[in-house]
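The primary structure of each chain is shown beneath.
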Amino acid sequence: MTDHPVTVTSVTSQYANQVAQDLELNAKEQERISAELSALQAQLGILQDDQSVLHRIRKTLGSRPVSAPSTPEPSTSLPLQASGKNTPARRAPSKTAAKTPAPSKTAAKAPSAKKTTAQARKDKTQGAESKAATAAAQPTLIALIRTHLEQQKEPRSAAEVTSALAKAHPQRTIKSTVVRTTLENLVAKSQAHRSKQGGSVFYASVAAQAATEKAPATALPQTEQDGNKREKAGAVSS
């Protein structure tokens, strides 16, 4: 009969530890997916910018008319024919050839615009990858909460911890619900202490809680000494 409660307690403890581990893995997976999602969103924005640039280039190329080869002017050819020289007839095609490269300028603008777009896309992709790498290199939320509790001398509520971490790390999105769940995980792992004051719940590190519990014990000998002094003084006066 005495083994059954112990077995139930052991199984409950195992389930609690498993749930705490699963929650920690879930939090890490959410952070990883958030970093990847940010990188993908940045790449999507780059592709959308490239699409708009290419649409503008195509619209510009489609709306610009192609210049037709110009014919030699009669006013310039008649006097030359009257003089009996054949050289102007050979020069007339050269004028036309000199005017035809105009479409090539428009054609030359398209590759340069594409090159600029490709370079911009490459730069934005590298920036998104660097941001994702920076987010992956940041400490986890569990480590931040554990460090914050160790730096505090008094217990803190989940709202206070959330506010402090949000001010210290403005680049991260820290939600109070996630912070409260993480604090409960630390309590389940005996890495934090939970206490209630009225209707509020406060959390403290194990070291801070141990120091708080030792403080009254160190004050008792001094109280006893004061009592002994008062008793001695009463005896002398009597």
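Computed from a predicted structure; not experimentally measured. (Residues numbered from 1 in each chain as written. Predicted model: local features only at pLDDT ≥ 70, side-chain atom pairs only at ≥ 80, totals over all residues. Heavy atoms only, no water.)

1. Thoughts on empty space enclosed by the protein
Across all of its chains, the model carries one cavity of 30 Å³ or more by this definition. Lining the largest cavity, in full, are Ala27, Lys28, Glu31, Thr140, Leu141, Ile142 and Thr182. When residues of the lining of the largest cavity are traced back to their parent elements, those giving at least two are α1 (3–63) and α5 (141–151). Of the residues forming the lining of the largest cavity, the biggest block, three residues, is contributed by α1. Looking at the lining of the largest cavity residue by residue, the classes come out as three nonpolar, two polar and two charged. (1 Å grid on protein atoms, 1.4 Å probe; cavity = no way out; pocket = protein on both sides within 12 Å on 5 of 7 lines; lining within 4 Å. Points joined across faces, edges and corners; volume = space filled by probe spheres on them. Helix = DSSP H or I, 4+ residues; strand = E, 2+ residues; numbered from the N terminus. Nonpolar A, V, L, I, M, F, W, Y, C, P; charged D, E, K, R; others polar.)

2. A word on the pairing of strand β1 (residues 192–197)
Working note: regular strand, side chains alternate between the two faces of the sheet. As defined by bridge partners, β1 adjoins strand β2 (residues 200–205) across six bridges and the pair is classed as antiparallel. Across the sheet, residue Arg194 finds its bridge partner in β2, namely Tyr203. Here β1 folds back onto β2, and the loop between the two strands holds two residues, one of which, Gly198, carries a positive phi near 75°. (Pairing = 2+ DSSP bridges.)

3. Let's talk about the environment of Ser176
Turning to its location among the elements, Ser176 is positioned in helix α7 (residues 176–188). Sequence spacing of Ser176 and Ser163 is 13 residues, and the spatial spacing of their C-alpha atoms is 8.4 Å.

4. Overview of the environment of Lys153
Of note, Lys153 is situated in the loop between α5 and α6 (158–168). On the basis of relative accessibility, which here comes to 77%, the residue Lys153 falls in the exposed class. (Buried < 20%, exposed > 50% of the residue type's maximum accessible area, 1.4 Å probe, protein only.)

5. Examining the pattern of salt bridges
Following the criterion strictly, the structure yields six salt bridges and no others. Between Arg172 and Glu31 there is a salt bridge, with the nearest N and O atoms lying 3.2 Å from each other. Here Arg172, found in the loop between α6 and α7, pairs with Glu31, found in helix α1; they are 141 residues apart in sequence, far enough to count as distant. With a closest N to O distance of 2.5 Å, Glu184 and Arg194 form a salt bridge. Highlighted residues: Glu184 in helix α7 and Arg194 in strand β1, separated in sequence by 10 residues. On the accessibility criterion, Glu184 (27% relative accessible area) is partly exposed. The class for Arg194 is partly exposed, based on a relative accessible area of 40%. Salt bridges here are not isolated pairs; linked through shared partners, they connect Glu24, Lys28 and Lys189. (Salt bridge = Lys/Arg side-chain N within 4 Å of Asp/Glu carboxyl O.)

6. What to know about α7
Between the first and last C-alpha of α7 there are 18 Å, a value that for 13 residues agrees with the 18 Å anticipated at 1.5 Å per step. Of the positions making up α7, those classed as buried are Val179, Thr182, Leu183, Asn185, Leu186 and Val187. Positive phi shows up at Ser190, right after α7, with a value of about 60°. (Expected span 1.5 Å × (residues − 1).)

7. What to know about the side chain of Asn185
Relative to the elements of secondary structure, Asn185 occurs in helix α7. The class of Asn185 is buried, set by a relative accessible area of 9%. For Asn185, the residues in contact, after removing those within four places along its chain, are Ala20, Leu23 and Glu24. (Contact = heavy atoms within 4.5 Å.)

Geometric values such as these leave the question of function open.
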